[in-house]
Amino acid sequence: MDTKTAVQMFDSLASEVRLDVFKLLVKFGEDGLVAGDIASTLQIPSTNLSFHLKALTHAGLITATQEGRYQRYRANLTEMMGLVNFLMAECCAQQQDGCSTVECNLISK
C-alpha cells in the first residue's frame, strides 16, 4: 500500500457516519448488508447513506455486489488489514533489539 491510498482510506473513515457504516459491515462479515438494512440499523436517511457508501467504496474499504435490484455491501477486510500493516510496517525499526510488544509482532508478520 502506498501513502496516497492510505490517506484516501483515512479520509473516508474521517466521518462518524462512514466509520459507523464500516464497523456495522465488519459485524456482518461475508454476509454483508443491503443499503436499506444499513440505513434502518443506523437510522440514516437513504439519500444520505448513498453518498457515504460511495465514498467508502471509492476508498476500497467496502465492496458492493448487485443482487437483483439491491446492492449488498461488505467490509473489505483485506484492504483494512493492508492499512493496519502499512501503519505497523516499521514498528520498532529504530530499536536495536527489535520489537518486544506482542501487538507489533503479530501485525508485522
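To be clear, the structure that these remarks concern was listed above.
Described in the following lines is the structure provided in the data block. (Residues numbered from 1 in each chain as written. Predicted model: local features only at pLDDT ≥ 70, side-chain atom pairs only at ≥ 80, totals over all residues. Heavy atoms only, no water.)

This paragraph deals with the overall build of the protein. Across its full length, the protein carries six helices and three strands. Starting at the N terminus and walking to the C terminus, you meet the elements of the protein as α-α-β-α-α-β-β-α-α. Taking contacts inside the protein between residues at least 6 apart in sequence as the whole, the part at least 24 apart equals 52%. (Helix = DSSP H or I, 4+ residues; strand = E, 2+ residues; numbered from the N terminus. Contact = heavy atoms within 4.5 Å.)

Across the sheet, three strands lie side by side as S1-S3-S2; this open sheet has antiparallel pairing. Of all the strands in the sheet, just strand S1 (33-34) and strand S2 (62-67) have a single pairing partner and so form its edges. (Pairing = 2+ DSSP bridges.)

Attention shifts here to the environment of Ser12. By the element assignment, Ser12 lies in helix H1 (residues 3-13). Aside from chain neighbours lying at most four places away, what touches Ser12 is Arg18, Ala55, Leu56, Ala59 and Leu61.

Here we take up the nonpolar core. By size, the foremost hydrophobic cluster in this structure holds 21 residues, and its most contacted members are Val21, Leu25, Ile38 and Leu61. For this core, the leading source of residues is helix H2 (residues 16-28), giving four residues. Not counting residues within four places of it along the chain, the set of residues in contact with Ile38 comprises Val21, Leu24, Leu25, Leu33, Leu49, Leu53 and Tyr73. (Core = buried A, V, L, I, M, F, W, Y, C linked by side-chain atoms within 4.5 Å. Buried < 20%, exposed > 50% of the residue type's maximum accessible area, 1.4 Å probe, protein only.)

Moving on to the pairing of S2. Summarising the sheet, S2 and strand S3 (residues 70-75) pair through six bridges and their orientation is antiparallel. Within the sheet, the bridge partner assigned to Gln66 lies in S3 and is Gln71. Between S2 and S3, which pair antiparallel and follow one another directly, the connecting turn spans two residues, one of which, Gly68, has a positive phi of 65 degrees.

Here we take up the side chain of Arg74. Relative to the helices and strands, Arg74 resides in strand S3. By relative accessible area, Arg74 is classed as buried at 17%. Beyond its immediate stretch of four places on either side in the chain, Arg74 contacts Leu25, Gly29, Glu30, Asp31, Gly32, Leu61, Ile62, Thr63, Thr65 and Glu67.

Relative to the elements of secondary structure, Asp11 occurs in helix H1. What makes Asp11 exposed here is its relative accessible area of 54%. Sequence-wise, Asp11 and Ala59 are 48 residues apart; in three dimensions their C-alpha atoms are separated by 8.6 Å.

On to the pairing of S3, then. The sheet contact formed by S1 and S3 spans two bridges and is antiparallel. The residue bridging Leu33 from the neighbouring strand is Tyr73, located in S3.

Positive phi, normally seen in glycine, also occurs at Gln43, with a value near 55 degrees. Assignment of secondary structure puts Gln43 in the loop between helix H3 (35-42) and helix H4 (46-58). The exposure class of Gln43 is exposed, given its relative accessible area of 73%.

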